Amino acid sequence: MADEAVEKTWSSKTKEIFQKWDVHNTGVITRKRLQGLLSQVAGKAVTEEEIERCISEADKNNNGLIEYNEFIEWLQQPCATVRMGSQGLEYFSLEAAVRPLYDVYDQNGDGLVSMEEFVQCQTILQNCLGLRSETAAPLEDQFKKQLGKESGSASLSVFDNSPKRAFGHVDADNSKGITFEEFLDWQRKQLVAARTPSKELEELLPALARQLKRVFKFDEQGEKDGREECDSRVLQKIVDNLAKMCMEIWSKKAEEETKAKDIKTFMGKARHYTNRWTEPPVGLNVKKLKAKFLATESCTKVTENMDLDLMVIPVLAEGDDVNPRSRIWLAQIIQKVTMKDGKVREDDPVYYEFESLSWHKTDEAMEKFHTALDALPPELRMFSLLKAEADFGTKITWEQVEKVLNRCLGHGVLTATQISEYTSSMELRVTKALKDEDLLSGMSAEESKKKIRDSLLAVSQRPQDIMAMLSDLKIFKVSSVWADFMTAD
């Protein structure tokens, strides 16, 4: 019944819009009226090419007019220039969605994609479909072994041909270089066939481009930072993301399933690939925030039995931020004092907003914080707590990790069972490393326990390492939410 109500609302909305542009009540939208409709929806003057494209998309009987049934079908077409949104008609630019991917393919930025550039990008994406988490061999070995090959595991039409043969098809004028227009035409055919809703393409294609760019930087970053163990897990996440995004972008969807997705998008219930992590602006300093709180809000002398439960989070925007530096950052501080009888006194939260390179208490900060917090998926809440504890640095000690885990329990981000599972896994890793070095031989159980604990306290990790391990333990699911922050440092 709910789906029927949604579809009925969608139909009535489209009928209302059609009637607005069918001014003479003839049951059709003329070319002239289409030009006015497009200009209003796009917010700009439209070209003859755009008008022709819309007519070719919508006018199925080739009479030069858009009839009501054609209008309805047009708005549900994948990659159509006009679609139905929650506020009415929306303009969709496939050019803008595809451009970030083309720019990655065009590695030297000369405005043309050479065969070498095309083959390398296609090969990476094609092979990512076969390099999944369940593979047994070390991922770096597989990746480096297959990187230069044209073979790979792929089941999508975009990868049906070998990269070199595909290049020949895309390079329509045989100029030995693929222009953006040729790349766009190729992608338009593939995406229309896949029937992926345009609302998802706007987010998936740029996200795929970002992940593909990270592959090219992987070796360089690994050599520079010397983080082989971490890089293995990070690379696996990148590969998993690329494979998942390729399937979601180019795998063929049933027509009825796509229509249902479009209707849900109109009703605001579609899945969105937002909630991505961006680094905070320069000047956002946790130590300064704590100092300000202690100087102006706290009535308790700073002692070992006092703790500040601090969470710093970003306000999320729909889609990709044009300028991440303009993103709003908010903070909540809860002062907790452990009394002599062991009870914990928890004060009321205090809220701050970061603006003009400084933290300020504002009247709206509390409401903004909880609205932003509700929009954060669990993994980003966890990551925010880790980054705040590290004062937005690149390393966090085991003692700090334990504090964060306790806060995660209090904030409902992790359960006690999940925390125990993570802690046990870390202890097992340390124990194995100590045994491999023969550093536990001859020790009693108590001495071994102390040695393991001391070794853990000496551990310094990146927040990304911790998140990767939580993913390995299936505590957090891998999704597009990981796309930006897994290699943010």
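Per chain, residues are indexed from 1 in the order of the written sequence. Where totals are concerned, whole chains, interfaces and linings use all residues; where local detail is concerned, this predicted model gives features only for residues with pLDDT of at least 70, and gives and counts side-chain atom pairs only at 80 or more. Remark: hydrogens and water are excluded; side-chain values derive from all non-hydrogen atoms of the structure.

With an unreviewed UniProt entry as reference, the chain is termed Putative calcium-binding protein CML25, source organism Symbiodinium microadriaticum.

1. Regarding helix α2 (residues 31-42)
Owing to its 3.6 residues per turn, the α-helix brings residues three or four apart onto one side. Where we set the bar: A run of DSSP states H or I qualifies as a helix once it reaches four residues; a run of E qualifies as a strand once it reaches two. Both are numbered from the N-terminal end. The length a helix should cover is 1.5 Å for every residue beyond the first. Each residue is placed in one exposure class: buried if its accessible area under a 1.4 Å probe, protein chains only, is under 20% of its type's maximum, exposed if it is over 50%, and partly exposed if it falls in between. Think of the arc as the fan of directions from the helix axis to the C-beta atoms.
Taking 1.5 Å per residue, 12 residues should reach 16 Å; α2 reaches 16 Å between its end C-alpha atoms and fits that length. Within α2, the full set of buried residues consists of Leu34, Leu37 and Leu38. Down the axis of α2, the sector holding all buried residues measures 95°, keeping them to one side. Phi turns positive one or two residues past the end of α2, at Gly43, with a value near 75°.

2. What about the UniProt feature "domain: EF-hand" (unreviewed entry) in the chain?
Stated formally: UniProt positions are given in the numbering used here, feature names are shortened, and annotations may be inferred rather than shown by experiment.
Under the local residue numbering, the UniProt record ascribes the feature "domain: EF-hand" (unreviewed entry) to residues 46-81 and 93-128. The span residues 46-81 is 53% helix and 6% strand, and its two end C-alpha atoms sit 12 Å from each other. Helix makes up 72% of residues 93-128 and strand 0%, with an end-to-end C-alpha separation of 28 Å.

3. Quick notes on a negative patch on the surface
Convention followed: Every patch collects residues that have over 30% relative accessible area and no salt bridge, joining them within 9 Å if they carry like charges and within 5 Å if they are nonpolar side chains (Val, Leu, Ile, Met, Phe, Trp, Tyr). Working definition of accessibility: Shrake-Rupley area with a 1.4 Å probe, residue cover restricted to the visible protein chains. Every case where a carboxyl oxygen of Asp or Glu lies within 4 Å of a side-chain nitrogen of Lys or Arg is listed as a salt bridge. When charges are counted, neither His nor the chain ends are considered; positive counts come from Lys and Arg and negative counts from Asp and Glu. All charge positions are set by atom: Lys at NZ, Arg at CZ, Asp at CG, Glu at CD.
Side chains of Glu355, Asp363, Glu364 and Glu367 sit close together on the surface and give a patch of like negative charge. Along the chain, Glu367 turns up in helix α14 (residues 365-375).

4. Observations concerning the nonpolar core
Note the following rule: We define the nonpolar core as a collection of buried residues of types Ala, Val, Leu, Ile, Met, Phe, Trp, Tyr and Cys that are connected through side-chain atoms lying within 4.5 Å of one another. A contact between two residues is defined here by any heavy atoms of the two lying within 4.5 Å.
Grouped together as the largest cluster of nonpolar side chains are 45 residues, with contacts concentrated most on Leu101, Tyr105, Phe118, Leu125, Leu208, Leu212 and Trp250. Of all the secondary structure elements, the ones that give two or more residues to this core are α5 (94-105), α6 (115-128), α8 (163-170), α9 (180-194), α10 (198-225) and α11 (228-250). Element by element, the count of residues in this core is highest for α11, at 9 residues. In this view, Leu212 contacts Leu101, Val104, Tyr105, Cys121, Ile124, Leu125 and Leu242; residues no more than four positions away in its chain are not counted.

5. Description of the packing of aromatic side chains
Where we set the bar: Whether two aromatic rings pair depends on their centres lying within 6.5 Å, for rings of Phe, Tyr and Trp, where Trp uses its six-membered ring; planes under 30 degrees apart make the pair stacked, over 60 edge-to-face, and the rest tilted.
Overall, the coordinates contain 15 aromatic pairs when judged by the stated rule. Judged by centre distance (5.2 Å) and plane angle (70°), the rings of Phe18 and Tyr68 are edge-to-face. Taken together, the residues span a long stretch of sequence, with Phe18 in helix α1 (residues 2-21) and Tyr68 in helix α4 (residues 68-75) at a distance of 50 residues. Ring centres 5.9 Å apart and planes at 90° place the aromatic pair Trp329 and Phe392 in the edge-to-face group. Taken together, the positions of Trp329 in strand β6 (residues 329-338) and Phe392 in the loop between α15 (378-389) and β10 (396-397) put the pair 63 residues apart, joining distant regions of the chain. There is no split in this pair, since Trp329 and Phe392 are both buried.

6. A word on unusual backbone geometry
Only a minority of non-glycine residues have a phi that is not negative, and only a minority of peptide bonds are not trans. Within the chain, Asn62 stands out as a residue other than glycine whose phi angle is a positive 55°. Checked against the element boundaries, Asn62 lands in the loop between α3 (48-58) and β2 (66-67). Backbone geometry at Cys79 places phi at a positive 70°, although glycine is not the residue there. Relative to the helices and strands, Cys79 is located in the loop between α4 and β3 (82-85).

7. Describing the pattern of salt bridges
Enumeration according to the criterion identifies 22 salt bridges in this entry. With its nearest N and O atoms 4.0 Å apart, the salt bridge here joins Glu49 to Arg53. Of this pair, Glu49 and Arg53 both sit in helix α3, separated by 4 residues, roughly a single helical turn. Take Glu49: its relative accessible area is 57%, and that puts it in the exposed class. Exposure remark for Arg53: the relative accessible area of 15% places this residue in the buried category. The partner of Arg83 in a salt bridge is Glu202, with the nearest N and O atoms 2.8 Å apart.

8. Brief notes about α5
When the terminal C-alpha atoms of α5 are compared, their 17 Å separation across 12 residues agrees well with the 16 Å that a helix rising 1.5 Å per residue should span. Within the sequence span of α5, burial applies to Leu94, Ala97, Val98, Leu101, Tyr102, Val104 and Tyr105. Relative to the axis of α5, the buried residues are bounded by an arc of 155° and lie together on one face.

9. Some details on the environment of Asn69
Its place among the elements puts Asn69 in helix α4. Classification of Asn69 by relative accessible area gives partly exposed; the value is 45%. A C-alpha to C-alpha distance of 9.5 Å links Asn69 and Val28, two positions 41 residues apart in sequence.

10. Focus: the packing of helix α17 (residues 416-436) against helix α19 (residues 463-472)
The criterion, for reference: All axes are obtained by fitting lines to C-alpha atoms, using only the stretch in contact for helices, and the reported angles, taken between N-to-C directions, cover 0 to 180 degrees. In this scheme, roughly parallel covers angles under 35 degrees and roughly antiparallel covers those over 145, while 65 to 115 is roughly perpendicular and the rest are oblique. Amino acids outside the nonpolar list (Ala, Val, Leu, Ile, Met, Phe, Trp, Tyr, Cys, Pro) and the charged list (Asp, Glu, Lys, Arg) are all regarded as polar, and Gly is one of them.
Where α17 contacts α19, the two axes come as close as 11 Å, and the packing angle between them is 105°. Looking at the two axes, α17 sits roughly perpendicular to α19. Residues Tyr422, Ser425, Met426 and Arg429 of α17 touch α19, and the partners they reach there are Ile466, Met469, Leu470 and Asp472. Its residues placed into classes, the contact of α17 with α19 shows 5 nonpolar, 1 polar and 2 charged.

11. As for the environment of Met311
Within the secondary structure, Met311 is located in strand β5 (residues 306-314). Once residues lying within four places of it in the same chain are set aside, the contact partners of Met311 are Leu330, Ala331, Gln332, Phe369, Leu373, Arg381, Leu385 and His411.

12. So, the pairing of strand β4 (residues 88-91)
Note the threshold: One requirement defines pairing of two strands: DSSP has to find at least two bridges between them.
Relative to β4, β3 runs antiparallel, the two sharing 4 bridges. Bridged to Val82 within β4 is Tyr91. Here β3 hands over to β4 after 2 residues, the two strands then running antiparallel side by side.

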